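Below are the chains, spelled out letter by letter.
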Amino acid sequence: LLIDGDLRRGHLHKYLGLERGSGLSEFISGDIPIGQVLHQTTVPGLTLVPTGELPPNPAELLLHKRFANCLSVLMPRYDHIIIDSAPVLAVTDASIIGQMVGGTLLVLKAAEHPMREIEQAVKRLKQADVNLRGIVFNDINAQSQRYGDGRYSYQYSYEKSKSS
């Protein structure tokens, strides 16, 4: 299950060729039942809960008990639930969601964030008692094979394994 929890600018529905339609905000507001926000995708085994109508009060909606109840109802039904959220440094939404889930992954676009920004994001999540399980760097340029800000870097290399 993929939940678009970015109630400010959510757009996961576009990547999956779906309309925004009824979604998370309508469920939390009590307008529709949970069954009406579950949208099947063309990806086998993947269901999407889109944002629905973008609300004027996203953080308040995410703090509502209906959101926590939604997660507790859906957890036994799905092997994995992934929730996308707004950026952690911009608003509190990621911290709110992170407190309700088993683990959080911080997703960063490679070579776009200075180390101090990454450190601040990690610090903010830890201060909110979020179980930060790791960091995912996406959009890595395979040509350069390097990521870093000058002080820290990571080099990719590939070697054939030596058989004994």
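The rules behind each value
- Residues numbered from 1 in each chain as written.
- Predicted model: local features only at pLDDT ≥ 70, side-chain atom pairs only at ≥ 80, totals over all residues.
- Heavy atoms only, no water.
- Salt bridge = Lys/Arg side-chain N within 4 Å of Asp/Glu carboxyl O.
- Helix = DSSP H or I, 4+ residues; strand = E, 2+ residues; numbered from the N terminus.
- Buried < 20%, exposed > 50% of the residue type's maximum accessible area, 1.4 Å probe, protein only.
- Expected span 1.5 Å × (residues − 1).
- Arc of directions from axis to C-beta.
- Contact = heavy atoms within 4.5 Å.

Student: Explain the pattern of salt bridges to me, please; I cannot follow it from the model alone.
Tutor: Using the criterion set out here, one finds 2 salt bridges in the structure. For D93, the salt bridge goes to R8, with nearest N and O atoms at 2.8 Å. Of the two residues, D93 sits in helix α5 (residues 93–98) while R8 sits in the loop between β1 (2–4) and α1 (12–15), which places them 85 residues apart along the sequence. Overall, the relative accessible area of 0% leaves D93 in the buried class. Between D139 and K109 there is a salt bridge whose closest N-O contact spans 3.7 Å. Here D139 is found in the loop between β6 (132–138) and β7 (146–148), whereas its partner K109 is found in strand β5 (residues 104–109), with 30 residues between them in sequence.

Student: So what exactly am I meant to see when it comes to helix α6 (residues 115–127) here?
Tutor: What sets the pattern is the α-helix's 3.6 residues per turn: residues three or four places apart point alike. Helix length check: α6, at 13 residues, gives a terminal C-alpha distance of 18 Å against a target of 18 Å (1.5 Å per residue), a fit within 8%. Along α6, the residues that are buried comprise M115, I118, A121, V122 and L125. With its buried residues spanning 125° around the axis, α6 presents them on a single face. Pointing more than 90 degrees away from the buried face of α6 are the exposed residues R116 and Q127. One or two steps after α6, the chain reaches D129, where phi turns positive at roughly 60°.

Student: Please explain the environment of L106 as it appears in this structure.
Tutor: Here L106 lies in strand β5. Overall, the relative accessible area of 8% leaves L106 in the buried class. C-alpha separation for the pair L106 and P87, spaced 19 residues apart in sequence, amounts to 9.3 Å. In this view, L106 contacts V88, A121, V122, L125, L132, G134, I135 and V136; residues no more than four positions away in its chain are not counted.

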